[in-house]
Amino acid sequence: MVVIVDTISNPLRPRHPEKVNRPDSASPPKPDWIRVRAPNTRGYADTRNIVRANGLHTVCEEAGCPNIGECWDKKHATFMIMGDTCTRACAFCNVKTGMPNALDAAEPHNVAEAVAKLGLAHVVITSVDRDDLADGGAEHFAQTIRAIRAACPSTTIEILTPDFLRKEGALEIVVTARPDVFNHNLETVPSRYLTVRPGARYFHSIRLLQRVKELDPTTFTKSGIMVGLGEERHEVQQVMDDLRSADVDFLTIGQYLQPTRKHHAVMRYVPPDEFSSYEKVAYTKGFLMVSASPLTRSSHHAGEDFARLKAARAAVAR
Ligand code: SF4
């Protein structure tokens, strides 16, 4: 399903028009283990200035990520390309929905310039869903990868892509640009898809990840889910098995947090020891890397994790 909302006729439109008439849903109060530092450091301000000066969007801000104070202080920002407006309307996501603007041809260059200014050893690039584009934005992803390679040859590149559902040939365009890490998040267990991620298809997303490895076995693949959306433990374990069947290397599991009362409610705050247990189970299933904690996000500590990922693959090859 594709959700298209008219953004032209009403400049005062709400951020999520498709959710306006939904009843409010209340989440339980946040437990102590979810508290984070306020974003007010010098490093945070420097990162924000570079993002603004290059006219870029970040998922850190658009998704209201709880780790922004920590990440931006270290100049780790995840760039969100192809605009700030998404053509899907997932129940968990705070990114603005509607009909996006045309692509900005200068964006790949601007992202590369920002990566150079921030001096990033590892960068994560994500995007909104662009179901309105014939290739889902695949060529724009590829151009951005190439621009970063040209401007910052030693920077390793991780991409977090949409699912390119019904976009024949799109995945091949992106993989041919040779990102170091290809991430596509499953977001939740299959039984929650129709409620949480209605525009996506679980087995399509699994197949997408599997296909990346078929196209380029050297690329690291990564995926993540949120917990606290009403899933059962055995379903999380099934997701692990499905991802291993697709030869995915790296799994992230984090706590879902409700952006507004119109979004899906938090059904449960999963305690830290349950995350540790998920991590242990996932390692036994053969992932090279697992990150599972309440504040795990797919791009959190991505640079350090990439180094560990490479070391883990090298150890297995020995
Ligand atoms: S975890 Fe990712 S999205 Fe959140 S602030 Fe850090 S880099 Fe940005």
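The paragraphs below set out a description of the structure included in this document. In this convention, every chain numbers its residues from 1, walking through the sequence in written order. With pLDDT at 70 or above as the cut-off, local features in this predicted model cover only qualifying residues; side-chain atom pairs require 80 or more to be listed or tallied, and sums for whole chains, interfaces and linings still use all residues.

### Topic: the overall build of the protein
Filter applied, for reference: Working definition: helices are DSSP H or I runs of at least four residues, strands are E runs of at least two. Numbering for both runs from the N terminus. The atom set for the radius of gyration is the C-alpha atoms, and the globule formula is 2.2 Å times the number of residues raised to the power 0.38. Note on burial: count the other C-beta atoms lying within 10 Å of the residue's C-beta; 20 or more is buried, 12 or fewer is exposed, in between is partly exposed, and C-beta positions come from the backbone. The contact criterion used here is simple: two residues whose C-beta atoms, placed from the backbone, lie within 7 Å are in contact.
Per the secondary structure count, the protein includes 11 helices and 10 strands. By the compact-globule yardstick of 20 Å for 318 residues, the protein fits well, its C-alpha radius of gyration being 19 Å. A burial count over the protein gives 47% of its 318 residues as buried. Sequence separation of 24 or more characterises 76% of the internal contacts of the protein that already satisfy a separation of 6 or more.

### Some points on helix H4 (residues 107–118)
Heads up, the rule is: What a helix is expected to span follows from its residue count: subtract one and scale by 1.5 Å. Relevant arc is that of directions from the helix axis to the C-beta atoms, nothing else.
An ideal rise of 1.5 Å per residue puts 16 Å on 12 residues; H4 measures up with 16 Å between its terminal C-alpha atoms. Buried residues of H4: Glu107, Pro108, Val111, Ala112, Ala114, Val115 and Leu118, and no others. End-on view of H4: buried residues confined to an arc of 160°, all on one side of the axis. Where H4 is buried, its residues contact helix H1 (42–53), strand S2 (78–81), strand S5 (122–127) and helix H5 (138–151).

### Examining the sheet that holds strand S6 (residues 156–160)
Counted only if it meets this: By definition, two strands form a pair when at least two bridges between them are found by DSSP. The angle between two axes is taken between their N-to-C directions and runs from 0 to 180 degrees, where each axis is a line fitted to C-alpha atoms and a helix contributes only its stretch in contact.
Spatially, 8 strands are ordered S1-S2-S5-S6-S7-S8-S9-S10 in an open sheet, and the strand pairing comes out mixed. Each edge of the open sheet carries a strand with a single partner, namely strand S1 (57–58) and strand S10 (289–292). Of the strands in this sheet, S2, S5 and S6 are in contact with H5, which crosses S6 at around 165°. Packing against the sheet, helix H11 (residues 302–317) makes contact with S5, S6, strand S7 (181–183), strand S8 (220–227), strand S9 (250–255) and S10, and its axis sits at approximately 145° to S10.

### Side note on the site of the ligand
So the rule is basically this: Each residue gets a C-beta atom placed from its backbone. If that atom is within 6 Å of a molecule or strand, the residue is near it. Only Asp, Glu, Lys and Arg are considered charged, only Ala, Val, Leu, Ile, Met, Phe, Trp, Tyr, Cys and Pro nonpolar, and every remaining residue, Gly among them, polar.
Surveying the vicinity of the ligand reveals the residues Val59, Cys60, Cys65, Asn67, Ile68, Cys71, His76, Ala77, Thr78, Arg297, Ser299 and His300. Residues of the shell around the ligand, tallied by class, amount to 6 nonpolar, 5 polar and 1 charged.

### Description of the packing of H1 against H4
In plain terms, the rule: Oblique is the label for any angle not covered by the other classes, which are roughly parallel (under 35 degrees), roughly antiparallel (over 145) and roughly perpendicular (65 to 115). With the far helix as reference, a near helix turned anticlockwise by less than a right angle produces a left-handed crossing, and one turned clockwise produces a right-handed crossing.
Where H1 contacts H4, the two axes come as close as 10 Å, and the packing angle between them is 155°. Comparing their axes, H4 and H1 come out roughly antiparallel. Regarding H1 and H4, the two cross each other, and that crossing is right-handed. On H4, the residues touching Thr47, Ile50 and Val51 of H1 are Ala114, Lys117 and Leu118. For the contact of H1 with H4, the residue count by class is 4 nonpolar, 1 polar and 1 charged.

### Quick notes on the environment of Arg42
Here Arg42 shows up in helix H1. We classify Arg42 as exposed; it has 8 C-beta atoms within 10 Å. C-alpha of Arg42 to C-alpha of Lys74: the two residues are 32 residues apart in sequence and 9.8 Å apart in space.

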